[in-house]
Amino acid sequence: MIEEVFYELIRVAIGTQTGLSYRPKANEWQLLYEMAKKQSLIGICFAGVQKLCCSNEEYHSSIGELQYLTWMGMTAKIQQRSQAMDYYTQKTLELFCENGFPCQVLKGQGIAKLYGSLAALRQSGDIDAWVPGKREKLYNLSMKLFGKLKGLTYHHIHFPAFDDCEIEAHTWPAFLTCPFDNKKLHKFFSENAPKLGCEDTPSLAFNRVFILLHCYEHFCGHGVGMRQLLDYYFVLAQGFTDKERTESMSWIESLGMKRFATALMWLCKEVLKMPEKFLICKPNEKYGRFLLDEVMKTGNMGHQDERVDHRKLKNAFGRYIHNLKRDYKVARICPRYALWEPFWGVYQFVWVRITYLKYT
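This one's a predicted model, so the numbers in the text were calculated from it and none came from an experiment.

For this particular structure, what's the right way to read the nonpolar core?
Considering soluble globular proteins, one finds that nonpolar side chains tend to be buried as a cluster. Counting 93 residues, the largest nonpolar core has W29, W71, F219, L230, Y232 and F260 as its most contacted members. For this core, the leading source of residues is helix α9 (residues 204–220), giving ten residues. Apart from the residues within four sequence positions on either side, Y232 is in contact with N207, R208, I211, L212, I252, L264, M265 and I280. Judged by nonpolar contacts, the second largest core, of 24 residues, contains L138, L141, A169 and W351.

Structure follows, in structure tokens:
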């Protein structure tokens, strides 16, 4: 099955496997490329292709010159983009620091550092800046610098500081739809909030909870891709003590994410071949297989989900109906999120429009 070969290619890239159990034909290499594209893993998978070609020249002939050059060209673009994102990340930190705001960069280029030699091959999205404090101060800064609020949500706004790079400025790094869980999450964030003069990126202890939460939110929303799950793999691969595992799991359980965590641990163990010492909790095969099936169907952030009519997501009502259907689907793994999401959706819709009226 070609999906199994795709998983093996990822493992070759990250170093948990040395070769493929089957040498794909030219048309199958094209399918592997499309899978990598769907999961935003073109650069990472090409690292696996290069390892295979270096160990056995027959792989190079089976992939074909045109396919190889296409993959290599896209990887070169990813590397160039990664360099640009490093530059924009530093400029983002400077922007907020100069205006008196503590700031850290969430996910993205901060997590890429954990990839080691694969860092430049991780496909970057936007820049997520954590700027803790009262929302009004951040909104006023946006009005001062740009004369408007853009992309307002409960936990962030967009900062149009650069033409070819989007910045999301977060007062809170994330949210949970259940108000009781969200209150606990605010406590977790308050205990880990950046201060002026601190590190540019959060600690591993923070990311063991937050990156899992990031995957959880995308899974509950439109879908989570293998790129986000690989981020969490590299967070865990940095290692932790038994005490740190216990502390992380205490937060994960209290925030209602234990089932999702067990599903992701199954995927890390069975698909990515992560050693058990790096697993944050015991894997659950039933939940894990469901998660993997959704990952392969939805693609990165759900953009490639063929089950969804994406035209209907362009208006608020269409998104609300889609979210209801998604809630029903993910309830077996994320029951608290699914139960409260319909109420949260209405609350945020009203809250955003009232907030916009104050600044227009």
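The rest of the description comes next.
Is there a simple way to think about the environment of N207 in this case?
Counting through the fold element by element, N207 comes out in helix α9. Overall, N207 belongs to the buried group, its relative accessible area being 6%. When the C-alpha atoms of N207 and S248 are compared, they prove to be 9.4 Å apart, with 41 residues separating the residues in sequence. In this view, N207 contacts I111, P202, L212, Y232 and V235; residues no more than four positions away in its chain are not counted.

What is the right way to look at unusual backbone geometry in this model?
Most peptide bonds take the trans configuration, and most residues that are not glycine carry a negative phi. The phi dihedral of S40 falls on the positive side, at around 55 degrees, and the residue is not glycine. On the secondary structure map, S40 appears in the loop between α2 (26–38) and α3 (42–55). By relative accessible area, S40 is classed as buried at 11%. With a phi close to 60 degrees, K273 is a non-glycine residue in the positive phi region. With respect to the helices, strands and loops of the structure, K273 is situated in the loop between α12 (258–270) and α13 (285–298). A relative accessible area of 39% means that K273 is categorised as partly exposed.

Any chance you could explain the packing of aromatic side chains here in plain terms?
The relation between two aromatic rings is expressed through the spacing of the ring centres and the mutual angle of the planes. Inspection of the entire model under this criterion finds 32 aromatic pairs. Ring geometry for Y88 and F162: centres 4.7 Å apart, planes at 40 degrees, overall tilted. Here the residue Y88 occupies a position in helix α5 (residues 65–98), and F162 occupies one in strand β3 (residues 156–162), the gap between them amounting to 74 residues. On the accessibility criterion, Y88 (13% relative accessible area) is buried. Centre to centre, the rings of F219 and F290 are 6.2 Å apart; their planes meet at 90 degrees, and the pair counts as edge-to-face. Here F219 is found in helix α9, whereas its partner F290 is found in helix α13, with 71 residues between them in sequence. Overall, the relative accessible area of 12% leaves F290 in the buried class. Through successive ring pairs, a cluster of aromatic residues spans W130, W172, F188, F189, F206, F210 and W251. Lying over the aromatic face of F219, R326 brings its terminal NZ or CZ to 5.3 Å of the ring centre.

Which parts of the structure should I look at to understand the side chain of D128?
Relative to the helices and strands, D128 resides in strand β2 (residues 127–130). A relative accessible area of 5% places D128 in the buried class. A polar contact of 3.5 Å, which involves the side chain of D128, links it to the side chain of K107. The residues touching D128, leaving out its near neighbours within four places in the chain, are Q104, V105, L106, K107, E168 and H170.

Even after reading the chapter, I still don't get the pairing of β2, so can you show me in this structure?
Side chains I127 and A129 project from β2 onto one buried face, and the interleaved D128 and W130 project onto a second face that is buried too. The pairing of strand β1 (residues 104–106) with β2 spans three bridges and is antiparallel. Paired with V105 across the bridge in β2 is A129. Two elements, β2 and strand β4 (residues 165–170), share four bridges in a ladder whose sense is parallel. Within the sheet, the bridge partner assigned to I127 lies in β4 and is I167.

What's the story with the packing of α9 against helix α10 (residues 226–236) in this structure? I'm lost.
For any two helices packed against each other, the geometry comes down to the angle between their axes and how far apart the axes lie. Across the interface, α9 lies against α10 with an axial gap of 9 Å and an inter-helix angle of 160 degrees. Classed by the angle they form, the pair α9 and α10 counts as roughly antiparallel. Taken as a pair, α9 and α10 cross one another with a handedness that is left-handed. Along its contact with α9, which presents L204, N207, R208, I211, L212, H214 and C215, the element α10 presents Q228, L229, D231, Y232, V235 and L236. Class assignment for the residues of the contact of α9 with α10 results in eight nonpolar, three polar and two charged.

Parameters and conventions
Residues numbered from 1 in each chain as written. Predicted model: local features only at pLDDT ≥ 70, side-chain atom pairs only at ≥ 80, totals over all residues. Heavy atoms only, no water. Core = buried A, V, L, I, M, F, W, Y, C linked by side-chain atoms within 4.5 Å. Buried < 20%, exposed > 50% of the residue type's maximum accessible area, 1.4 Å probe, protein only. Helix = DSSP H or I, 4+ residues; strand = E, 2+ residues; numbered from the N terminus. Contact = heavy atoms within 4.5 Å. Phe/Tyr/Trp six-rings, centres within 6.5 Å; stacked < 30°, edge-to-face > 60°. Lys NZ or Arg CZ within 6 Å of the ring centre and 35° of its normal. Polar contact = N/O pair within 3.5 Å; in protein donor to acceptor, adjacent residues only side chain to side chain. Pairing = 2+ DSSP bridges. Axes fitted to C-alpha atoms, helices over the stretch in contact; angles between N-to-C directions. Parallel < 35°, antiparallel > 145°, perpendicular 65-115°, else oblique. Left-handed = near helix turned anticlockwise from the far one by under 90°. Nonpolar A, V, L, I, M, F, W, Y, C, P; charged D, E, K, R; others polar.

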